[in-house]
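# Breakdown of the fold
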Amino acid sequence: MSTPTQIMSLADHLARTGQPVEAETCPALSWTPFASYGFAREFLSVPVVLAELHQTACAMPILFASHGGALYPAALLRLQDEADTRLITETGDWSGIYVPGLLRAHPFACALAPDFRILRDPGSPCFGPGSAAPRRAFDGTGAPTPDFTRLQAFLQAWHLSLRQTLRAGAAIAKAALLRPAQSLPAFADPCFAPYRVVDPPALSRLGQARKLALLDTGAMELLHAHLTSLETVPHLRRLARALRAGPRQTGAQSPSPDGLGGFLDAMTLAYEQDSATSPYSTSEGS
């Protein structure tokens, strides 16, 4: 059995170690794209947003967690404290069918807050010496390089959806629709103490006005996707058995040289951005 502090979420990790990326404070910053998902193998969950909600719900359980007083959906990367249910293999390959957007941006991320701010993981080996082909974040004038501009666009798109996701989370919290995740047998381990799941009786008792408010914010969609995602628990257990039988049978995948496109494709589909001529374009949003 684990304790709640033994397995950290990616959100907690970023809050503790994430450093802002600005030309004024790190003008010579360079990085190498990650070659393995091993950096996330020890995390229990990763934040996800509405734009990738349905892809995630088909692939892994989504629970609710809190960060800075805000409620957000968190996709589980493992069940309990068992190594054989991790979606990331011992060799760092991803064995699931969808990679959450925030994992694709490593060693960068954005803060889980309404204001957009890029963070970096200073402990990532992507910032280590001896990289064969490092990429500069800023040029000699302090302007973002093309590589970093592309990554900025990806994170801006993710953050655009995050803002709507946080509004949906606030509506769910206001409606008092959640109960401890440990009330379900699959999440009885102490590591799930900080997480919440929907309380179906509370949901069924909602009045029409409150239901409409949840629909307006995207919260109802989030609640139903959360409930659907819980059906992936048996899949993760089957995946664990397949991994024990032989990793090659699971369809495990290594990171592609550029893994950002899939999330932005989801953004384009979710928001029907007719002007999105490039998979890396984004739009203004409130």
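Scroll up a little and you will see the structure.
Calculation criteria
- Residues numbered from 1 in each chain as written.
- Predicted model: local features only at pLDDT ≥ 70, side-chain atom pairs only at ≥ 80, totals over all residues.
- Heavy atoms only, no water.
- Pairing = 2+ DSSP bridges.
- Helix = DSSP H or I, 4+ residues; strand = E, 2+ residues; numbered from the N terminus.
- Buried < 20%, exposed > 50% of the residue type's maximum accessible area, 1.4 Å probe, protein only.
- Phe/Tyr/Trp six-rings, centres within 6.5 Å; stacked < 30°, edge-to-face > 60°.
- Lys NZ or Arg CZ within 6 Å of the ring centre and 35° of its normal.

### Digging into the sheet that holds strand β6 (residues 108-110)
Ordered by their spatial adjacency, 3 strands build an open sheet running β1-β7-β6, and the pairing between neighbours is antiparallel. Either end of the sheet is taken by a strand with one partner, and the two such strands are β1 (19-20) and β6. Both β6 and strand β7 (residues 118-120) contribute to a ladder of 3 bridges, which runs antiparallel. Looking across to β7, one finds that C110 is bridged to I118.

### Describing the pairing of strand β4 (residues 62-67)
For β4, the buried fraction is high: 5 of the 6 residues fall into the buried class. Between β4 and the antiparallel strand that follows it, strand β5 (residues 70-76), lie 2 residues; G68 among them carries a positive phi value of about 60°.

### As for the packing of aromatic side chains
In the structure shown here, the tally under the stated rule is 11 aromatic pairs. Between F34 and F39 the ring centres are 5.2 Å apart and the planes differ by 75°, which places this aromatic pair in the edge-to-face class. Between F108 and F148 the ring centres are 5.5 Å apart and the planes differ by 70°, which places this aromatic pair in the edge-to-face class. With F108 in strand β6 and F148 in helix α4 (residues 146-175), this pair connects stretches of sequence that are 40 residues apart. Among the aromatic residues, those joined into a ring-pair cluster are W31, F108, F127, F138 and F148. The residue whose ring lies beneath R120 is F127, and the NZ or CZ to ring-centre distance is 4.8 Å.

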